[in-house]
Amino acid sequence: MASDEVKVIGAWASPFVMRPRIALNLKSVPYEFLQETFGAKSELLLKSNPVHKKIPVLIHADKPVCESNIIVEYVDETWSASGPSMLPSTPYDRAIARFWAAYIDEKWFPSLKSILKAEGEEEKKAVLAQVEEGNALLEKAFIDCSKGKPFFNGEHIGYLDIAFGCFLAWLRVTELAGGHKLIDEVKTPSLSKWAERFCNDPAVKPVMPETATLAEFAKKIFAKPPA
Amino acid sequence: MDESDSDPGSYPIPPASVHLSSLTPPPSARLLLSRHVTRRTRPLQSSPPLAYLSLQGLLGEASSARSIGGGGLSREEALAWELFTPYQRFLIVAVIGVAAAESKKNGVIAQLQNSVDLRPRMADEVILLDFWPSPFGVRARIALREKGVEFEYREENLREKSPLLLQMNPVHKKIPVLIHNGKPVCESMNVVQYIDEVWSDKNPLLPSDPYQRAQARFWVDFIDTKVYEPADKIWSTKGEVQEKAKKEYIEALKILESELGNKPYFGGDNFGFIDIAMTGYYMWFEASEKCGNFSIEPECPTLMASAKRCLQRDSVVNSVPEPEKIVEFAFKIRKIYCV
């Protein structure tokens, strides 16, 4: 076993798992993808992430790194010479990128998830409004961060692009299920164009699930009774 | 700097910077000339390109003794100047011009270096919007003091948030907010990282190794989820909910204690990122114990020892309120939330 071998423990449908995979692709770092079985956690996962027992976990030279955004920063710092920087160059712009990544995880994604779980028109309307409010904020954030360039990070995909872009497949599934567009050319024109660029990027395409496949999977897991 | 004349483009030049040994003017002429090349002028107002040296004005008037020295030479000096051939005069002026430009450039470099050194002390405006008992706000205070950064502390009334807070953190409307030269940074550990990156010359708060940095970030994330949620419930709930919270809180602290091991700080020998994150909770230990009627030390003795060490650090002593004040505050808030 090579001493600097890289493994990623994850699952194809998880947007969080997509983050380290995109980062590794951007830095052209080969890795072994260890797919977890849905509903049963492997020994390696439990050993590598005993605190949270969650995916993704990056294992580099037998040392585990946990938490998706932290893994992305680790990849960026470890393979800094192998590709453009995933974080902006100034401390202020980096703070802004980290701020929005935290917002996406703490506020935006939970409200997106609750659209699929919402029961009744009233609740659905309320959570939709929350997501749309978030999208408006992120549309402005994109304009501010990108400064006219194609991605949040500028010329190249970076930390914040990955933090947000990993949710695009689930966003499309939610739009299909709800019959309601969330990111489109009218409400969020910049994000709409960015989303297309992001999904077509060669570092992203191989790890982004097809909307139809993901929709099938979503039906299955949301059909299960609560654990 | 003397502001004795209205020539804004020059910088004082040291006298006698030119040797004319390759030409052979009479010694008296050499001395007189070099003395009169010095001009005392106002400092540079802007940075004109110094690589290009204009000899036009100088050359045009090189033949005229009156033009030298910005006011003419004395009779003897004029006579001495006339001893040079026009070609020699041209060379003398050119050499002096180059030397002057060099000196001017070095003077500008020195001036710029001074202003760069002065800038952190003079031009930086650092304001912290904060709330005195906040375990999150205290992190920013500690980080700024670790770095020796002068800042203006502004107390926020969280029941009546200032227009500045609402403007600087419109998304969350929360403290702490660090405003550095007018630009806001929000979220406490984001603020700490920002402070570490901007004032990187002393007391590094994050390790330099990528793996160690990932570990530090991981544990801070753990603290802000697994310690924060039960800690919050301990002072704001009672009965079974509070009992469950106490158990979860101690469990989380035990996990942290095992990560700490035998190290004096989470950062090893040095107080760092994880320690700063935890200090917000260390300062609330007494209040949590009193609200929950339990004791942390018997459960986590080594963590407690590290906590005491952290609470004694200068940057921390100057940042945390007295424990009795936090206890008093906790009970006041508890009355409101715990009906």
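Residues numbered from 1 in each chain as written. Chains lettered and ligands numbered in written order. Predicted model: local features only at pLDDT ≥ 70, side-chain atom pairs only at ≥ 80, totals over all residues. Heavy atoms only, no water.

Focus: the overall build of chain A
A count of helical and extended segments in chain A gives nine helices and four strands. Taken from N to C terminus, the helices and strands of chain A fall in the order β-α-β-α-β-β-α-α-α-α-α-α-α. Taking 2.2 N^0.38 as the reference for a compact globule, 227 residues should give roughly 17 Å; the C-alpha atoms of chain A span a radius of gyration of 18 Å, in line with that estimate. Along the first, second and third principal axes, the C-alpha atoms of chain A reach 55 × 45 × 30 Å. Residues classed as buried in chain A amount to 49% of the 227 residues present. In chain A, of all internal contacts separated by at least 6 residues, the share reaching a separation of at least 24 is 66%. Per element, the accessible surface of chain A, about 10900 Å² overall, is 56% carbon and sulfur. (Helix = DSSP H or I, 4+ residues; strand = E, 2+ residues; numbered from the N terminus. Rg over C-alpha atoms; globule rule 2.2 N^0.38 Å. Buried < 20%, exposed > 50% of the residue type's maximum accessible area, 1.4 Å probe, protein only. Contact = heavy atoms within 4.5 Å. Areas by Shrake-Rupley, 256 points an atom, 1.4 Å probe, with all protein chains shown as cover.)

Things to note about the sheet that holds strand β1 (residues 6–10) of chain A
All names here are of chain A. Read across the sheet, four strands follow the order β2-β1-β3-β4 without closing on themselves; strand pairing throughout is mixed. In this open sheet, the two strands that pair with only one neighbour each are β2 (32–35) and β4 (63–66). Across the sheet, the axes of successive neighbouring strands diverge by a mean angle of 25°, strand direction being ignored. Direction of pairing for β1 relative to β2: parallel, over a ladder of four bridges. Each bridged residue has a counterpart across the sheet, and for K7 the counterpart in β2 is E32. Lying over the sheet, helix α1 (residues 15–26) contacts β1, β2 and β3 (57–60), oriented at roughly 155° with respect to β1. Against the sheet, helix α3 (residues 68–78) touches β3 and β4, its axis set at about 125° to β4. (Pairing = 2+ DSSP bridges. Axes fitted to C-alpha atoms, helices over the stretch in contact; angles between N-to-C directions.)

Let's talk about the UniProt feature "domain: GST N-terminal" (unreviewed entry) in chain A
Residues annotated by UniProt as "domain: GST N-terminal" (unreviewed entry) correspond here to residues 4–83 of chain A. Helix makes up 36% of residues 4–83 of chain A and strand 21%. Its end C-alpha atoms lie 18 Å apart. (UniProt positions renumbered as here; feature names shortened; annotations may be inferred.)

Comments concerning the UniProt feature "domain: GST C-terminal" (unreviewed entry) in chain B
Those places that UniProt annotates as "domain: GST C-terminal" (unreviewed entry) correspond, in this numbering, to residues 209–329 of chain B. The span residues 209–329 of chain B is 74% helical and 0% strand by assignment, and the distance between its end C-alpha atoms comes to 40 Å.

Here's the deal with the interface of chain B and chain A
On the side of chain A, 24 residues touch chain B, which itself brings 25 residues to the contact. Summing the contributions of chain B and of chain A, the shared interface buries around 2200 Å²; its carbon and sulfur component is 65%. Joining chain B to chain A, the criterion identifies five salt bridges. Put simply, E77 of chain A and R213 of chain B hold a salt bridge, and the shortest N to O gap is 2.9 Å. (Buried area = accessible area lost by both parts, 1.4 Å probe. Salt bridge = Lys/Arg side-chain N within 4 Å of Asp/Glu carboxyl O.)

So, the UniProt feature "domain: GST N-terminal" (unreviewed entry) in chain B
Following the UniProt record, one finds the feature "domain: GST N-terminal" (unreviewed entry) at residues 124–203 of chain B. Measuring from the first to the last C-alpha atom of residues 124–203 of chain B gives 19 Å, for a span that is 34% helix and 21% strand.

What about the nonpolar core?
W108 and W194 of chain A are the most contacted members of the largest nonpolar core, which totals 146 residues. There are two domains that each give this core at least three residues, and those are domain 2 (124–205) and domain 3 (209–339) of chain B. For W194 of chain A, the residues in contact, after removing those within four places along its chain, are F142, P150, F151, F152, D161, F164, G165 and L168 of chain A. W81, I92, V93 and I96 of chain B belong to the second-largest nonpolar core, a separate cluster that totals five residues. (Core = buried A, V, L, I, M, F, W, Y, C linked by side-chain atoms within 4.5 Å. Domains from an automatic or database assignment.)

Observations concerning the environment of D221 of chain B
Mapped onto the secondary structure, D221 of chain B falls in helix α8 (residues 210–236). Along the backbone, D221 of chain B and V185 of chain B are 36 residues apart, and their C-alpha atoms lie at a distance of 18 Å. When sequence neighbours within four positions are dropped, the list of residues in contact with D221 of chain B reads E67 and I70 of chain A.

Describing the confidence of the model for chain B
Residues and elements named next belong to chain B. Residues at a pLDDT of 70 or more form 76% of chain B, whose mean pLDDT is 82. Predicted confidence for residues 1–20 stays below pLDDT 50, and this span has 49 contacts to residues more than four positions away or in other chains. Under a pLDDT of 50 for its full length, residues 28–53 has, in the predicted model, 53 contacts with residues more than four places off or in other chains. Here the predicted complex carries an ipTM of 0.95, next to a pTM of 0.78. (pLDDT = per-residue confidence, 0-100.)

Comments concerning the pairing of strand β2 (residues 152–155) of chain B
In summary, the side chains of a regular strand alternate between the two faces of the sheet. Residues and elements named next belong to chain B. As defined by bridge partners, strand β1 (residues 126–130) adjoins β2 across four bridges and the pair is classed as parallel. Within β2, the residue paired with L129 across the bridge is R154. Handedness of the crossover is the feature at issue here: the chain leaves β1, passes through helix α5 (residues 137–146), returns alongside β2, and the resulting connection is right-handed. (Right-handed = clockwise from strand over helix to strand, strands pointing away.)

Considering the pattern of salt bridges
Scanning the entire structure with this criterion turns up 26 salt bridges over all chains. E73 of chain A is the partner of R217 of chain B in a salt bridge, and the nearest nitrogen-oxygen pair spans 3.2 Å. Placement of the pair is R217 of chain B in helix α8 and E73 of chain A in helix α3, with the two residues belonging to separate chains. Judged by relative accessible area, R217 of chain B falls into the buried class, the value being 7%. Judged by its relative accessible area of 4%, E73 of chain A is buried. A salt bridge links E152 of chain B to R154 of chain B, with the shortest nitrogen-to-oxygen separation between them at 2.7 Å. Judged by relative accessible area, E152 of chain B falls into the partly exposed class, the value being 38%. Three or more residues joined by partner-sharing salt bridges are found here, namely E73, E77, R94 and R98 of chain A together with E197, R213 and R217 of chain B.

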